[in-house]
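# Structure assessment
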Amino acid sequence: MTLMELYHLMAKEMGPQPWLRPGTPWAETPVEIMLGAILVQNTNWRNVEPSLIKIKAATQFEPAKLRTYTPETLVPLIQSSGFYHRKSEAILALAAWLGTANDDLTALRQRDGASLRQDLLAITGIGNETADYILMYTLDHGTFMVDTYARRLFTWLGATMPKTYPAFQRKVLPQLAFTLTDFQEFHALIDEFGKRIKSSADFEQSFLAGQHLSI
């Protein structure tokens, strides 16, 4: 099967996926999504939620208010997320970057996705996966996220993929004729599948059993 066929089969079998889009119960604002993408690194969402609640109470997720903090004063708000010294620096670096655009997300969305990604990767504590998450769910640039769930699914489907994130992504993207919504939905489907199907034995009982991905 092709990647497009995989996407349509997963969408048919699993249905629409609720995800962290602005305005949903999971994310009130784009900045909340950005901060969540940083805070969830190397932890689970249960640990992130208390941090976001504290940040919201203190700043209402306004970048200008975040910029009044230092790494040391931000740490008490995000301790539940772990790795809090590194994450506090990343959050404040992101807030500073937003400030260079006058916190105007509409203007940022008009920029080329590749240049935005380069800017994000230059921020302390933001790597490929976090940058792509921010691009896709807050800045309206679709892409394919190479996370653990995607690597595992492609392996189960018999696809031999490059080990590095950029090379894996470069191999996938030309084969996807997607809108932004499709990119978001494909990522959500892959992650939801991965949360349900946790082993090779589980996979052999799933609706994708016996399928082979040609890529």
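Refer to the structure presented above.
The structure displayed is predicted, hence computed values, not measured ones. (Residues numbered from 1 in each chain as written. Predicted model: local features only at pLDDT ≥ 70, side-chain atom pairs only at ≥ 80, totals over all residues. Heavy atoms only, no water.)

In this section: the overall build of the protein chain. Helix and strand counts for the protein chain come out as 13 helices and 0 strands. Along the protein chain, helices and strands appear, N-terminal first, in the series α-α-α-α-α-α-α-α-α-α-α-α-α. By the compact-globule yardstick of 17 Å for 215 residues, the protein chain fits well, its C-alpha radius of gyration being 18 Å. Principal-axis analysis of the C-alpha atoms gives the protein chain an extent of 55 × 35 × 30 Å. (Helix = DSSP H or I, 4+ residues; strand = E, 2+ residues; numbered from the N terminus. Rg over C-alpha atoms; globule rule 2.2 N^0.38 Å.)

Take the side chain of Gln-17 next. With respect to the helices and strands, Gln-17 occurs in the loop between helix H1 (3–14) and helix H2 (30–39). Residue Gln-17 is classed as buried on the basis of its relative accessible area, which comes to 9%. There is a polar contact of 3.3 Å between the side chain of Gln-17 and the backbone oxygen of Met-14. (Buried < 20%, exposed > 50% of the residue type's maximum accessible area, 1.4 Å probe, protein only. Polar contact = N/O pair within 3.5 Å; in protein donor to acceptor, adjacent residues only side chain to side chain.)

By the definition in use, this model includes 6 salt bridges. Two residues, Glu-62 and Lys-65, come together in a salt bridge whose shortest N-O distance is 3.9 Å. We classify Glu-62 as partly exposed; its relative accessible area is 36%. According to the relative accessible area criterion, Lys-65 is partly exposed, its value standing at 32%. (Salt bridge = Lys/Arg side-chain N within 4 Å of Asp/Glu carboxyl O.)

A few words on the side chain of Arg-117. Mapped onto the elements, Arg-117 comes out in helix H8 (residues 113–121). A relative accessible area of 17% places Arg-117 in the buried class. Discounting residues that sit within four places of it in the chain, Arg-117 has contacts with Asn-128, Asp-132, Leu-135, Tyr-165 and Gln-169. (Contact = heavy atoms within 4.5 Å.)

A few words on the packing of aromatic side chains. This structure, assessed with the given rule, holds 12 aromatic pairs. Centre to centre, the rings of Tyr-133 and Tyr-137 are 4.8 Å apart; their planes meet at 40 degrees, and the pair counts as tilted. A residue pair is termed a helical-turn pair when its members lie 3 or 4 positions apart in one helix, as Tyr-133 and Tyr-137 do in helix H9 (residues 128–138) at 4 residues. Just as Tyr-133 is buried, Tyr-137 falls in that class too. Linked through ring pairs, Tyr-7, Phe-144, Phe-154, Phe-168, Phe-178, Phe-183 and Phe-186 together constitute an aromatic cluster. (Phe/Tyr/Trp six-rings, centres within 6.5 Å; stacked < 30°, edge-to-face > 60°.)

Quick look at the environment of Lys-54 now. The topology assignment puts Lys-54 in helix H3 (residues 45–59). In this structure Lys-54 comes out as partly exposed when scored by relative accessible area, which is 44%. With 152 residues separating them in the primary sequence, Lys-54 and Ser-206 have C-alpha atoms 40 Å apart. Every residue in contact with Lys-54, bar those within four places of it in the chain, is listed here: Pro-76 and Leu-77.

Relative to each other, H9 and helix H11 (residues 165–172) sit at 40 degrees, their axes nearing to 11 Å. Between H9 and H11, the angle falls in the class oblique. Where H9 abuts H11, its residues Asn-128, Glu-129 and Asp-132 lie against Tyr-165, Pro-166 and Gln-169. Considering only residue class, the contact of H9 with H11 consists of 2 nonpolar, 2 polar and 2 charged. (Axes fitted to C-alpha atoms, helices over the stretch in contact; angles between N-to-C directions. Parallel < 35°, antiparallel > 145°, perpendicular 65-115°, else oblique. Nonpolar A, V, L, I, M, F, W, Y, C, P; charged D, E, K, R; others polar.)

This brings us to H8. Residues of H8 that are buried: Gly-113, Leu-116, Arg-117 and Leu-120. For H8, the buried positions fall inside an angular range of 100 degrees around the axis, keeping them on one side. Across H8 from its buried face, at more than 90 degrees, point the exposed residues Ala-114 and Gln-118. Those residues of H8 that are buried lie in contact with helix H6 (84–100), helix H7 (105–109), H9 and H11. Backbone nitrogen of Ala-114 and a side-chain oxygen of the N-cap are separated by 3.0 Å at the start of H8; the cap is Asp-112. (Arc of directions from axis to C-beta.)

What is shown is where atoms sit, not what they do.
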